[in-house]
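One letter stands for each residue in the lines below.
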Amino acid sequence: MWAYETGRVQPGRVQPGGVQPGGVQPGLKYDAPAALSAGSAPARVPMNRAAPAATIEAMTSSRNRREWLIPAGLIFLSLVPVVAGAVRVTELSTGGAVTPDNAQYFASPVPVVLHIISVSTYAILGALQFAPGLRRRGRRWHRIAGRILVPSGIVVALTGMWMTLFYDIPSTQIPALNAIRLAVGSAMVAFIVLGFVAIRRRDIRGHSAWMTRAYALGMGAGTQVFTLAPALILGASDAVTRTTLMTLAWAINIAVAEWVIARRRSTSRPVRRQVLTGHQAA
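Residues numbered from 1 in each chain as written. Predicted model: local features only at pLDDT ≥ 70, side-chain atom pairs only at ≥ 80, totals over all residues. Heavy atoms only, no water.

Let's shift gears to the overall build of the protein chain. What the protein chain contains, in helices and strands, is 14 helices and two strands. Put simply, of all contacts in the protein chain between residues at least 6 apart along the chain, 59% involve residues at least 24 apart. Total accessible area on the protein chain stands at roughly 18000 Å², and carbon and sulfur atoms take up 64% of it. (Helix = DSSP H or I, 4+ residues; strand = E, 2+ residues; numbered from the N terminus. Contact = heavy atoms within 4.5 Å. Areas by Shrake-Rupley, 256 points an atom, 1.4 Å probe, with all protein chains shown as cover.)

Written out as structure tokens, the structure reads:
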């Protein structure tokens, strides 16, 4: 634009020979600072060329690896509860030794078995929902996974509350922990229902936010492994300390979920485009 206004380049169509009337060849761009320093003829600088195929492939591979870090981390976070649940199910199905700690599970095995199966499905399949590559390949995967995750998450919450209400309270726990568990289970069910209602209204942003909050609460057992580890190592395993550290795990998960939701909203805001005049564009 500056070159046209100063008369250094004459506007016109590209001639068959490949040179514009103003003397700038196609494939070359005008460099105004170089022209000013030279004081005469416009500088001719080659335009940016496409990146080599090897560079594009390397960038794509690096991005794909970064995208799988979050799902892999979530699966790792759920590894200990999933393995512990598998051991519990094996113990109940093969008739293991009955002890005071597991007698209630043998007396009423259905709730705990349903809880373990549903929480394992919810944790692993839910982690894959955070992989952008799977979502880019089509909506079919997300819908099929969602139809499994919604009932699985509700079963996780309901069976957890059932066991809280009807199983005997271990000596290492206090009633306050049961109240917190009931609150977390109720909130998890509410978040899943709100997420389902949101997607029925085509509110994708609201659906994603509510489901992320529900998944954060469902992954509380995974984070509790890390919050309880220092207390177990130091021998501070009294009921009050355990309750505080278990509650801290749910609080950490919700805080991370809110950070993820806020970041999604900030990155998905539409960019406002300004209409520029010819002088502004120059």
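Here the focus is helix H7 (residues 109-128). Given a rise of 1.5 Å per residue, 20 residues ought to cover 28 Å, and the 29 Å separating the end C-alpha atoms of H7 matches this to within 8%. What H7 keeps buried is the set Pro 111, Val 112, His 115, Ile 116, Ser 118, Ser 120, Tyr 122, Ala 123, Leu 125, Gly 126 and Ala 127. Residues of H7 that are buried make contact with helix H4 (69-77), helix H5 (79-94), helix H6 (103-107), helix H9 (139-166), helix H10 (175-200) and helix H11 (204-218). (Expected span 1.5 Å × (residues − 1). Buried < 20%, exposed > 50% of the residue type's maximum accessible area, 1.4 Å probe, protein only.)

Now for the environment of Asn 102. Along the chain, Asn 102 falls in the loop between H5 and H6. Put simply, Asn 102 and Leu 92 are ten residues apart on the chain and 9.3 Å apart in space, counted from C-alpha to C-alpha. Leaving out residues up to four positions away in the same chain, Asn 102 has contacts with Arg 88, Glu 91 and Ala 97. One polar contact links Asn 102 to Glu 91, side chain to side chain, over a distance of 3.4 Å. (Polar contact = N/O pair within 3.5 Å; in protein donor to acceptor, adjacent residues only side chain to side chain.)

What the rule picks out here adds up to three salt bridges. With a shortest N-O distance of 3.2 Å, Arg 88 and Glu 91 are connected by a salt bridge. Linking Arg 88 with Glu 91, this pair stays in helix H5, spanning three residues, or about one helical turn. According to the relative accessible area criterion, Arg 88 is partly exposed, its value standing at 27%. For Glu 258, the salt bridge is made with Arg 213, and the minimal N-O distance between the two is 2.6 Å. In this pair, Glu 258 is assigned in helix H13 (residues 239-267) and Arg 213 in helix H11, connecting sequence segments 45 residues apart. (Salt bridge = Lys/Arg side-chain N within 4 Å of Asp/Glu carboxyl O.)

Core analysis: the largest hydrophobic core is formed by 26 residues, its most contacted members being Tyr 122, Met 188, Ile 192, Ala 214, Tyr 215 and Leu 217. In terms of residue count, the dominant contributor to this core is H10 (five residues). The contact partners of Ile 192, leaving out residues within four places of it in the chain, are Tyr 122, Val 150, Gly 153, Ile 154, Met 211 and Ala 214. The next biggest cluster of nonpolar side chains, apart from the first, holds six residues, and it includes Tyr 105, Val 112, Met 163 and Tyr 167. (Core = buried A, V, L, I, M, F, W, Y, C linked by side-chain atoms within 4.5 Å.)

Here we come to the environment of Leu 245. Tracing the backbone shows Leu 245 in helix H13. Between the C-alpha atom of Leu 245 and that of Thr 227, which follows or precedes it by 18 residues, the distance is 5.7 Å. In contact with Leu 245, other than residues within four places in its own chain, are Thr 227, Leu 228 and Ala 231.

The next subject is unusual backbone geometry. Its identity is not glycine, yet Arg 202 carries a phi of approximately 65 degrees, on the positive side. Following the sequence through the fold, Arg 202 ends up in the loop between H10 and H11.

According to the stated counting rule, one finds six aromatic pairs in the structure shown. Measuring from ring centre to ring centre gives 5.6 Å for Tyr 122 and Tyr 215, while their planes differ by 40 degrees; the resulting arrangement is tilted. Taken together, the positions of Tyr 122 in helix H7 and Tyr 215 in helix H11 put the pair 93 residues apart, joining distant regions of the chain. Each member of the pair, Tyr 122 together with Tyr 215, is buried. What links up through ring pairs into an aromatic cluster is the set Tyr 105, Trp 162, Phe 166 and Tyr 167. (Phe/Tyr/Trp six-rings, centres within 6.5 Å; stacked < 30°, edge-to-face > 60°.)

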